Amino acid sequence: MSSFEITGGKRLSGEIVPQGAKNEALQVICATLLTSEKVTLYNIPVIHDVVRLIDLLKDLGVEITQDGPSTFTFQAREVGFDYLHTDDFRLKVGSMRGSIMILGPLLGRYGKGFVHLPGGDKIGRRRLDTHFIGLQKLGATFTYDSDHQYFAFTAPKLQGCYILLDEASVTGTANILMAAVMAQGTTTIFNAACEPYLVQLCKMLNKMGAKISGVGSNMLIIKGVNELHGCEHTLLSDMIEVGSFIGLAAMTGSEITIRNVNYEHLGLIPDVFRKLGITLIPRGDDLFIPAQDHYEVETFMDGSIMTIADAPWPGFTPDLISIVLVVATQARGSVLIHQKMFESRLFFVDKLIDMGAKIILCDPHRATVIGLNHEYTLRGIRMSSPDIRAGVALLIAAMSAKGTSVIDNIEQIDRGYERIDVRLNALGADIRRING
């Protein structure tokens, strides 16, 4: 197990470029299974979860070449289904949640697919019913081996239909969409997730020859085609990294320019940070965060305490709730953080309290933060990263704290952030990686 040793209190300065979007990468990499032709993807983040998925596709028989630091070409001439029955496949699937999205492409192209229960962050229960019900409506049947937590799907030919999703699941929408593009007839997906990741996936599939309309809305209409072709596709910058860097600048009183943020795809993210009093200045496709010694939380128009809550897109992304909570600890004023979508994402708050933050954990979903207004500095402690997003939130807290902090289990952070220590040290941070 590796750790970060962080000496806090350093002001940062300079420019930083966000990596490619992790969540988009997991979707578009799986989509390469839909064609036997070459698909070249640019701006792929070379992080643990993405590398594991690429290795999984290699094991399935996909030919993959790395053409540059963040450029990969995929060609799935054939898929080795025998590998899906191996212990190695079970172990790899169990370590990453994104692996569930190979199911839709395999069903769409081959009429069969196999998957074990996927792994991923322990941030609460994330059920697969939306995926399976949608695929069943397209005509797939499945059996479940409860002893081995193994699902086998078959569908001689998928048939387009109307699907009303019971929740706007991002991975569920992606899986059903990738199956539907090669189904017979027309499929309508209502209450579809409409995050920028889904928009990008739809654009890529349309370049491959799919016929998807309603892109960017919660109703996707897909006219099935017989085959898809190769294409080239460039991933967006990761909006979660953009939000993390905004929070980092505010907490450390630093002046930072975030490059190539794809501002029009950030949704409510800039507005939420502005509600905390943070100044953000768009400069073309860059975002400038000036150094601020203090930032003050807004109140609602009637003077009541500000509430920040997550919601399905275009609401505020749950992946940044941890970052916003940490940033609020040094604001002037109070804010209620309401994590609606996952019941375990606030379970890192006790570490912040140990560092000196004033937080009342009301229940698993809500925390009230009383800002310290930079009048009382957090203190360094030893802690462990519980998941990707909370891990980076704790890293930001440690970088603003007095003294030295140690964060264990940083493999969690590495799953979502590419060389985060190296990139932040280039701005003036003092982060040392200790290999256990």
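How each quantity is defined
Residues numbered from 1 in each chain as written. Predicted model: local features only at pLDDT ≥ 70, side-chain atom pairs only at ≥ 80, totals over all residues. Heavy atoms only, no water. Phe/Tyr/Trp six-rings, centres within 6.5 Å; stacked < 30°, edge-to-face > 60°. Buried < 20%, exposed > 50% of the residue type's maximum accessible area, 1.4 Å probe, protein only. Lys NZ or Arg CZ within 6 Å of the ring centre and 35° of its normal. Helix = DSSP H or I, 4+ residues; strand = E, 2+ residues; numbered from the N terminus. Contact = heavy atoms within 4.5 Å. Polar contact = N/O pair within 3.5 Å; in protein donor to acceptor, adjacent residues only side chain to side chain. 1 Å grid on protein atoms, 1.4 Å probe; cavity = no way out; pocket = protein on both sides within 12 Å on 5 of 7 lines; lining within 4 Å. Points joined across faces, edges and corners; volume = space filled by probe spheres on them. Nonpolar A, V, L, I, M, F, W, Y, C, P; charged D, E, K, R; others polar. Pairing = 2+ DSSP bridges. Axes fitted to C-alpha atoms, helices over the stretch in contact; angles between N-to-C directions. Disulfide = S-S within 2.5 Å. Parallel < 35°, antiparallel > 145°, perpendicular 65-115°, else oblique. Left-handed = near helix turned anticlockwise from the far one by under 90°.

Caption draft 1: Structural view of the packing of aromatic side chains. Counted according to the given criterion, the structure contains ten aromatic pairs. Taken together, a centroid distance of 5.7 Å and an interplanar angle of 75 degrees make the contact between Y83 and F89 edge-to-face. F89 gets classed as buried once you look at its relative accessible area, which sits at 0%. Centroid distance Y144 to F151: 4.4 Å. Interplanar angle 20 degrees. Geometry classified as stacked. Classification of Y144 by relative accessible area gives partly exposed; the value is 39%. A relative accessible area of 7% places F151 in the buried class. In this arrangement the basic side chain of K112 is found over the ring face of F81, its NZ or CZ atom lying 4.5 Å from the centre.

Caption draft 2: Quick peek at helix α5 (residues 129–137). Every buried residue of α5 is accounted for by T130, H131, F132, G134 and L135. Its buried side turned inward, α5 meets α4 (103–110), β7 (141–145), β8 (150–154), β9 (162–164) and α6 (170–180). Within two residues after α5, G139 carries a phi angle of roughly 115 degrees, on the positive side.

Caption draft 3: How the structure looks around the side chain of R423. In this fold, R423 is placed in helix α14 (residues 420–425). In terms of polar contacts, R423 uses its side chain to reach the side chain of E241, at 2.7 Å. Not counting residues up to four positions away in its chain, the partners in contact with R423 are I16, V17, P18, Q19, E241, F245 and E418.

Caption draft 4: Up close: the layout of surface pockets. For the second largest pocket, the calculated volume is near 230 Å³. Counting residues per element, the ones that place at least two in the lining of the second largest pocket are α8 (239–252) and α12 (388–400). Its residues assigned to classes, the lining of the second largest pocket comprises three nonpolar, eight polar and three charged.

Caption draft 5: Structural detail: the sheet that holds strand β16 (residues 286–289). Reading across the sheet, the four strands line up as β2-β14-β16-β15 and stay open at both edges, with mixed pairing between neighbours. Strands at the two margins of the open sheet, each flanked by one partner only, are β2 (13–16) and β15 (281–283). Strand-to-strand, the axes of this sheet are offset by a mean angle of 20 degrees, without reference to chain direction. For β15 and β16, the ladder comprises three bridges, and the chain directions are antiparallel. What sits directly across from P282, in β16, is L287.

Caption draft 6: Quick peek at the pairing of strand β3 (residues 38–42). Sheet analysis places β3 next to strand β5 (residues 71–75), joined by four bridges and oriented antiparallel. In the strand pairing of β5, L41 is matched with F72.

Caption draft 7: View of empty space enclosed by the protein. According to the stated counting rule, one finds two cavities of 30 Å³ or more in the structure shown. Of the pockets and cavities examined, the largest cavity occupies roughly 60 Å³. Looking at side-chain class alone, the lining of the largest cavity contains seven nonpolar, three polar and no charged residues. Listed by contribution, the elements that provide at least two residues to the lining of the second largest cavity are α8, α12 and α14. When the residues that make up the lining of the second largest cavity are grouped by side-chain class, the tally is eight nonpolar, one polar and no charged.

Caption draft 8: Up close: the state of the cysteines. The full count for this structure, using the stated rule, is zero disulfides. With no disulfide of its own, C30 has C231 as its nearest cysteine by sulfur position, at a separation of 15 Å. C30 gets classed as buried once you look at its relative accessible area, which sits at 0%. Note on C194: no disulfide assigned, nearest cysteine sulfur contributed by C202 at a separation of 10 Å.

Caption draft 9: The arrangement of the pairing of β5 in detail. With five of five residues buried, β5 is to be regarded as a mostly interior element. Of the two faces of β5, the one holding T71, T73 and Q75 and the one holding F72 and F74 are both buried throughout. Judged from the five bridges that link them, strand β4 (residues 63–68) and β5 form a sheet pairing that is antiparallel. By the bridge assignment, G68 is partnered in β5 with T71. The loop that links β4 with its antiparallel partner β5 comprises two residues.

Caption draft 10: Molecular detail of the packing of helix α1 (residues 22–31) against α6. At a minimum axis distance of 11 Å, the contact between α1 and α6 shows a crossing angle of 15 degrees. When the axes of α1 and α6 are compared, the pair comes out roughly parallel. In the crossing of α1 with α6, the sense of the turn from one axis to the other is right-handed. Seen from α1, the contacting residues are Q27, C30 and A31; seen from α6, they are V170, A174 and M178. Here the residues of the contact of α1 with α6 sort into five nonpolar, one polar and no charged.

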